[in-house]
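# Descriptive structure summary
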Amino acid sequence: MLDTLYRQLIMDHAGHKRNHREMEEGSHLYYKNPTCGDVMTLYWKWDEEGRLEDISFVGEGCSISMASCSMMTEMTKGKSYEEIAALRDGVESLIRKGEETGDVDLGDALSLAGVHRLRARHNCALMPWQALDKAFLDN
Ligand code: ZN
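If you're wondering where the values come from, they're calculated on a predicted model, not measured in any experiment. Residue positions are counted from 1 within each chain, in the order its sequence is given. The model is predicted, so local features are restricted to residues of pLDDT at least 70 and side-chain atom pairs to those at 80 or more, both for listing and for counting; the totals for chains, interfaces and linings are taken over all residues. Excluding hydrogens and water, the side-chain values take into account all heavy atoms of the structure.

Attention shifts here to the coordination of the zinc ion. The protein atoms donating to the zinc ion are Cys36 (SG), Asp38 (OD), Cys62 (SG) and Cys124 (SG), with metal-donor distances spanning 2.2 to 2.4 Å. Note that the zinc ion binds 4 donor atoms; their angles at the metal cover 101 to 120 degrees, and the shape is tetrahedral. Coordination partners: N, O, S within 2.8 Å of the metal, 3.2 Å for Na, K and Ca; water not considered, so apparent gaps in a site are possible. In primary sequence terms, the donor set of the zinc ion follows C-x1-D-x23-C-x61-C. Here Cys36 is found in the loop between strand S1 (27–32) and strand S2 (39–46), whereas its partner Cys124 is found in helix H4 (residues 122–137), with 88 residues between them in sequence. Classification of residues uses two cut-offs on accessible area relative to the type maximum, computed with a 1.4 Å probe and protein chains only: under 20% is buried, over 50% is exposed, and between them is partly exposed. A relative accessible area of 34% places Cys36 in the partly exposed class. Under this scheme a four-donor centre is tetrahedral when all angles range from 85 to 135 degrees, a four-donor centre is square planar and a six-donor centre octahedral when opposite donors are above 155 degrees with the rest from 65 to 115, and any other centre is irregular. The helix and strand labels rest on DSSP assignments: H or I over at least four residues marks a helix, E over at least two residues marks a strand, and numbering proceeds from the N terminus.

Structural data, given as structure tokens:
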């Protein structure tokens, strides 16, 4: 039952990608998933208080990667660097270890929990977060 709901959420995000647009202002980064061929360009802009004023992406790839990109933009918009880092850790734990950390609300991204069992798809689900690492989280 939960699996069905989760699958519907993934298909909804993959079919109607949120924040799927280019952005002229701010910064951008091209990122390619080495294992599946999914690609994305990440766009982001900080506000004066150090919160993500806007974030968007343009991408192509498998449903899991596109759904995860879409969910990531919804989760991180308006958040601070620290909050985004905590969300990244939460999603990573969910995908890599199959565990919820409990201290962050992953929202729709909880629907990606089943990807834990699909080892070959881990990088698909983590692609947008790896792009964030490359963009600014790992600095
Ligand atoms: Zn993929």
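By convention in these notes, a salt bridge is any Lys or Arg side-chain nitrogen within 4 Å of a carboxyl oxygen on Asp or Glu. Applying the stated criterion across every chain, the model contains 9 salt bridges. The salt bridge involving Arg88 is made with Asp89; its shortest N-O contact spans 2.8 Å. Residue Asp89 is classed as partly exposed on the basis of its relative accessible area, which comes to 40%. Asp133 is the partner of Arg88 in a salt bridge, and the nearest nitrogen-oxygen pair spans 2.3 Å. With Arg88 in helix H3 (residues 81–97) and Asp133 in helix H4, this pair connects stretches of sequence that are 45 residues apart. On the basis of relative accessible area, Arg88 is assigned to the buried category, the value being 12%. When salt bridges that share partners are traced, they join Asp12, Arg18 and Glu74 into one network.

We now examine the nonpolar core. Put simply, buried Ala, Val, Leu, Ile, Met, Phe, Trp, Tyr and Cys residues joined by side-chain atoms within 4.5 Å make one nonpolar core. Met40, Leu42, Trp44, Val91, Leu112 and Leu132 are the most contacted members of the largest nonpolar core, which has 38 residues in total. Broken down by secondary-structure element, the contributors of at least two residues to this core are helix H1 (2–15), S1, S2, strand S3 (52–60), helix H2 (63–76), H3 and H4. For this core, the element with the highest residue contribution is H4, accounting for 10 residues.

Before going further, it helps to spend a moment on the pairing of S3. If a strand is regular, its side chains alternate between the two faces of the sheet. Sheet analysis places S2 next to S3, joined by 8 bridges and oriented antiparallel. When the bridges of S3 are listed, Trp44 appears paired with Ile55. With antiparallel pairing between neighbouring strands as the criterion, S2 and S3 make up a hairpin whose turn holds 5 residues, including Gly50 at a positive phi of roughly 80 degrees. The criterion for strand pairing is that DSSP finds at least two bridges linking the strands in question.

As a further point, take H2. A helix is expected to span 1.5 Å multiplied by its residue count minus one. Look at H2: 20 Å from first C-alpha to last across 14 residues, which is about the 20 Å you get at 1.5 Å a residue. Taking burial as the measure, the 14 residues of H2 include 12 buried ones, the bulk of the element. Within H2 the residues assigned to the buried category are Ile64, Ser65, Met66, Ala67, Ser68, Cys69, Ser70, Met71, Met72, Thr73, Met75 and Thr76. At its buried positions, H2 is contacted by H1, S2, S3, H3 and H4. Working rule for contacts: check all heavy atoms of both residues, and any pair within 4.5 Å makes them a contact.

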